[in-house]
Amino acid sequence: MNADAALRERFAGVSVSHLGDVMDRLNVVDGRIRPIWPGCRLAGRAVTVLTAGGDNRAIHEIIPALKDGDVLVVNGQGVTHRALIGELIAERAQRRGCAGFVLDAAVRDADEIAGLRFPVYARGVIPAGPYRNGPGRSGVPVALGGVVVRPGDWVIGDSDGLAVVPQEEAEDIVAKAESKRDTELQQQDDIRAGRIV
Ligand SMILES: O=C([O-])CC(=O)C(=O)O
Ligand SMILES: [Mg+2]
């Protein structure tokens, strides 16, 4: 297993709440960017897109470059009256090994994406389709629900929401989150055994 795959597995084993806690409760994304199907989980490194509201040209352009474990992070200006992606774009990305999408924007084809079990987090769901005119950029730092995401940063999602882990600190942060998880598991045992009342 390469280093990224090993880290991905460790991130998948901790909760987003614990990751937020060990980053001083910062680096947690606006809670209005939600998983679009129940049980959705996500861990991978960011590939970034900045696009005009309601326009997915830059997303189409980046899909063929996606690699195993990438998370596509899109700043779509928070626009929720037009969907930037749907089932077809999702399935193309999934077939390239993409770990999921996170959009500060809306999406569509929610049932079909749930059927793919492809992790997608978005600010909204709406049937209205996108324009494809541009402008857009990729590979730049983007804002995601109040947090800066640079290409290569880790993005972790569970049912509570999303956290962004700076790439330089990934090992340190995941180790602290594992430690917090283990401490709380012990506390849970103590509660169940009546040692903590
Ligand atoms: O039409 C689009 O570009 C978005 C969409 O519904 C899909 O990817 O299935
Ligand atoms: Mg569609």
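Residues numbered from 1 in each chain as written. Chains lettered and ligands numbered in written order. Predicted model: local features only at pLDDT ≥ 70, side-chain atom pairs only at ≥ 80, totals over all residues.

Within an unreviewed UniProt entry, the label attached to the protein chain reads Putative 4-hydroxy-4-methyl-2-oxoglutarate aldolase, and the organism entered is Sediminivirga luteola. In its Function (unreviewed entry) section, UniProt records this for the protein chain: "Catalyzes the aldol cleavage of 4-hydroxy-4-methyl-2-oxoglutarate (HMG) into 2 molecules of pyruvate. Also contains a secondary oxaloacetate (OAA) decarboxylase activity due to the common pyruvate enolate transition state formed following C-C bond cleavage in the retro-aldol and decarboxylation reactions." The heading Subunit (unreviewed entry) in the UniProt record of the protein chain holds the text "Homotrimer." (UniProt positions renumbered as here; feature names shortened; annotations may be inferred.)

A.B. asks: Could you give an account of the pairing of strand β6 (residues 120-125), with specific residues and numbers?
C.D. replies: The pairing of strand β1 (residues 34-35) with β6 spans two bridges and is antiparallel. Residue P35 lies in a different strand from β6, and its bridge partner there is Y121. Where strand β5 (residues 100-107) lies against β6, five bridges are found, and the strand directions are parallel. Residue pairing in the sheet places A106 in a bridge with G124 of β6. For the segment spanning β5, helix α5 (residues 110-116) and β6, crossover handedness is right-handed. (Pairing = 2+ DSSP bridges. Helix = DSSP H or I, 4+ residues; strand = E, 2+ residues; numbered from the N terminus. Right-handed = clockwise from strand over helix to strand, strands pointing away.)

A.B. asks: With reference to specific residues and values, describe the site of ligand 1.
C.D. replies: Close to ligand 1 lie N56, I85, G86, E87, L88, I89, R108, D109, G129 and P130. Top element by residues in the shell around ligand 1 is helix α4 (residues 87-95). It accounts for three residues. (Near = placed C-beta within 6 Å.)

A.B. asks: Residues and numbers for the UniProt feature "binding site: Mg(2+)" (unreviewed entry) in the protein chain, please.
C.D. replies: When the UniProt feature table is mapped onto this chain numbering, "binding site: Mg(2+)" (unreviewed entry) sits at D109. The residue D109 is located in the loop between β5 and α5 in this model. Here D109 falls in the buried class, since 21 other C-beta atoms lie within 10 Å of it. Once you skip the residues sitting within four places of it in the chain, D109 turns out to touch G86 and E87. (Buried ≥ 20, exposed ≤ 12 C-beta atoms within 10 Å, placed from the backbone. Contact = placed C-beta atoms within 7 Å.)

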